[in-house]
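# Structural features, examined
The primary structure of each chain is shown beneath.
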Amino acid sequence: MYQVARKLFFTDCRCADNASKAYEELFAKLDTNKDGKVDVSELKAGLDAMGIKAEKGAAQKIISSGDRNKDEGLDFSEFSKYLKEHEKKLQLTFKSLDKNKDGRIDITEIRQSLADLGLEISKEHAEKILQSIDVDGTMTVDWNEWREHFLFNPATNLQEIVRYWKHTTVLDIGDSLTIPDEFTEEEKTTGLWWKQLSAGAVAGAVSRTGTAPLDRMKVFMQVHASTTNKISLVSGFKQMLKEGGVASLWRGNGINVMKIAPETAIKFMAYEQYKKLLSSEPGKVKSHERFMAGSLAGATAQTAIYPMEVMKTRMTLRKTGQYSGMFDCAKKVLKNEGVKAFYKGYIPNILGIIPYAGIDLAVYESLKNFWLSHYAKDTANPGVLVLLGCGTISSTCGQLASYPLALIRTRMQAQASVEGSEQLPMNLMVKKIMKKEGFFGLYRGILPNFMKVIPAVSISYVVYEYMRSGLGIQK
């Protein structure tokens, strides 16, 4: 049966009709009980009969991926659709691995591609991998051999190779809740990781400085706006300019920029440790494990630098002459309110990490898969505009979900500095806002927050690219 499958699927030229006929014949062979669908046991038996060595659980993953109607089996329509989509992804992956574009993958390209994924292997090990795929003994792998070897392995094993889609925190939108950057072992050993983190930190600093007036407006509206004290963008900026002049629009930006470096460093180091602790297989991190590790790393970093978050809010809302500087602010807060003041709003802040990071990752993955399925042709590289668009949309969705918690955090941070403000815990503050202002009261200040997303993303990306070039980071 293995030879039959090879003849059906792996000839050099197949038109659409031949492919469809090949799918029909293979489906008929796999559907041993002739009930019109292929289930897990039939697929396992069929793969064994064809001599195809699939990884443990591969048959279940294939059925789950293609089973649209959830009847625990694939009918012919689902079977052929899965194979067509999977073959398209295999072709994109093959082209990504074929560095010199000669239509064949050799030992050097295999070693380079695995190194890009963080796995350093010897030449001998690479030869063994190549031999396991190489059918004709040329010590190179062409497209037909690649397809033959991987057609019945789930696509999730191969998508990590498409590293153009690496989800990073380069797109700085002023919120520090994203999953940390991913770095390969090569990047870590050569020191490229700290250059990339440095480039990202500088990009974030420039981006936050450029959008600081909108960020201050967001905080101003979160704390002071209500049904009785309606503040629009125009009236809010007028108040700020009248009270402190143009320079007042950048209040709080200094500490907002200062906290980027320590937070980035702590988050990165914690993320690497959490990935090692949580990964079920050494060297491989699944999506849910990455999300858990990222959320825990974010919580660790926020715990360490949270006093700076409180200081940023106080400095942003300060009136002219209230504090002579950051240290004066810290001294007065400590004297008047004690150490615990530096952790006000900590709980809603930590809780906000989970919906933000989860939705950000989920939306980004969905947009990536949509683009790969519908628009990818000769390459898996989507280009700058698509990546920026996906990053912006996913981050915005994450913000939308976590914004009420961000508002509660900011109000709790600012409580003692606002005259006549009650010192309320999180649950009572939510009840008070819902009672007096309704559900949309939890979204005060979201307009300037959304307004700063596109300029923040654009500025951070441009500066990041300039920094990469200046630091000698190869693309």
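From a predicted model like this one, the values you see are computed outputs, not experimental measurements.

In this section: the confidence of the model for the protein chain. Atom-level detail of predicted coordinates should not be read off regions where pLDDT is low. Across the protein chain, the average pLDDT comes to 79, with 79% of residues at 70 or higher. Confidence over residues 1-14 falls short of pLDDT 50; this stretch has 38 contacts with residues more than four positions distant or in other chains. A low-confidence stretch, residues 155-164 (pLDDT under 50), is modelled with 29 contacts involving residues beyond four sequence positions or located in other chains.

Moving on, we get to unusual backbone geometry. With a phi angle near 65°, Glu72 is a residue other than glycine that sits in the positive phi range. As for its placement among the helices and strands, Glu72 is situated in the loop between α4 (58-66) and α5 (76-97). Classification of Glu72 by relative accessible area gives exposed; the value is 65%.

What the rule picks out here adds up to nine aromatic pairs. Between Tyr343 and Tyr346, the aromatic rings sit 5.8 Å apart at their centres with planes inclined by 70°, giving edge-to-face as the arrangement. With a relative accessible area of 35%, Tyr343 lands in the partly exposed category. Taken together, the ring pairs connect Tyr403, Phe439, Phe440 and Tyr443 into an aromatic cluster.

On to the packing of helix α3 (residues 40-49) against α4. Helix-helix packing is described using two parameters, namely the angle between the two axes and the distance between the axes. Between α3 and α4, the shortest axis-to-axis distance is 9 Å and the interhelical angle comes to 130°. Accordingly, the angle class assigned to the pair α3 and α4 is oblique. Here α3 runs over α4; the crossing is right-handed. Across the interface between the two elements, Val40, Leu43 and Lys44 from α3 touch Ala59, Gln60, Ile62 and Ile63 from α4.

Before going further, it helps to spend a moment on the side chain of Arg251. Checked against the element boundaries, Arg251 lands in the loop between α12 (233-244) and α13 (253-258). For Arg251, a relative accessible area of 11% gives the class buried. A distance of 2.8 Å separates a polar side-chain atom of Arg251 from the backbone oxygen of Arg318. Within polar-contact distance, the side chain of Arg251 engages the side chain of Thr320 at 2.7 Å. Apart from residues no more than four positions distant in its own chain, Arg251 is found in contact with Arg216, Glu243, Gly244, Met315, Thr316, Arg318, Lys319 and Thr320.

This brings us to the nonpolar core. Counting 15 residues, the largest nonpolar core has Leu30, Leu43 and Phe79 as the members making the most contacts within it. Among the secondary structure elements, those contributing two or more residues to this core are α2 (16-30), α3, α4 and α5. Of all the elements, α2 adds the most residues to this core, at four residues. Dropping the residues within four chain positions of it, Phe79 is found in contact with Tyr23, Leu26, Phe27, Leu30 and Leu74.

On to the environment of Gly441, then. For Gly441, the position within the fold is in the loop between α19 (426-437) and α20 (446-451). Along the sequence, Gly441 and Pro404 sit 37 residues apart, while their C-alpha atoms lie 8.7 Å from each other. When near neighbours in sequence (up to four residues on either side) are disregarded, Gly441 contacts Leu407 and Ile433.

Cut-off values and rules
- Throughout this document, residue positions are counted from 1 along each chain, in the order its sequence is written.
- For a predicted model such as this one, the threshold for reporting local features is a pLDDT of at least 70, and the threshold for listing and counting side-chain atom pairs is 80 or more; totals across whole chains, interfaces and linings nevertheless cover every residue.
- Calculated side-chain values reflect all of the structure's heavy atoms, with hydrogen atoms and water omitted.
- Per-residue confidence from the prediction method is given by pLDDT, with values spanning 0 to 100.
- Contact definition: two residues touch when any of their heavy atoms are within 4.5 Å.
- Helix numbering and strand numbering both begin at the N terminus, where a helix is a DSSP run of H or I of at least 4 residues and a strand a DSSP run of E of at least 2.
- When accessible area is computed with a 1.4 Å probe and restricted to protein chains, residues below 20% of their type maximum are described as buried, those above 50% as exposed, and intermediate ones as partly exposed.
- Whether two aromatic rings pair depends on their centres lying within 6.5 Å, for rings of Phe, Tyr and Trp, where Trp uses its six-membered ring; planes under 30 degrees apart make the pair stacked, over 60 edge-to-face, and the rest tilted.
- Lines are fitted to the C-alpha atoms to define the axes, a helix being fitted only along its stretch in contact, and any angle between axes, read from their N-to-C directions, falls within 0 to 180 degrees.
- We call two directions roughly parallel when the angle between them is under 35 degrees, roughly antiparallel when it is over 145, roughly perpendicular when it lies between 65 and 115, and oblique otherwise.
- For any helix crossing, the convention is left-handed if the near helix is rotated counterclockwise from the far helix by under a right angle, and right-handed if that rotation is clockwise.
- Within 3.5 Å is the distance limit for a polar contact, defined as a pair of N or O atoms, with the added protein rule that one can donate a hydrogen and the other accept it, and that residues adjacent in sequence qualify only through two side-chain atoms.
- Buried residues of nine kinds, namely Ala, Val, Leu, Ile, Met, Phe, Trp, Tyr and Cys, make up a nonpolar core once their side-chain atoms join them within 4.5 Å.

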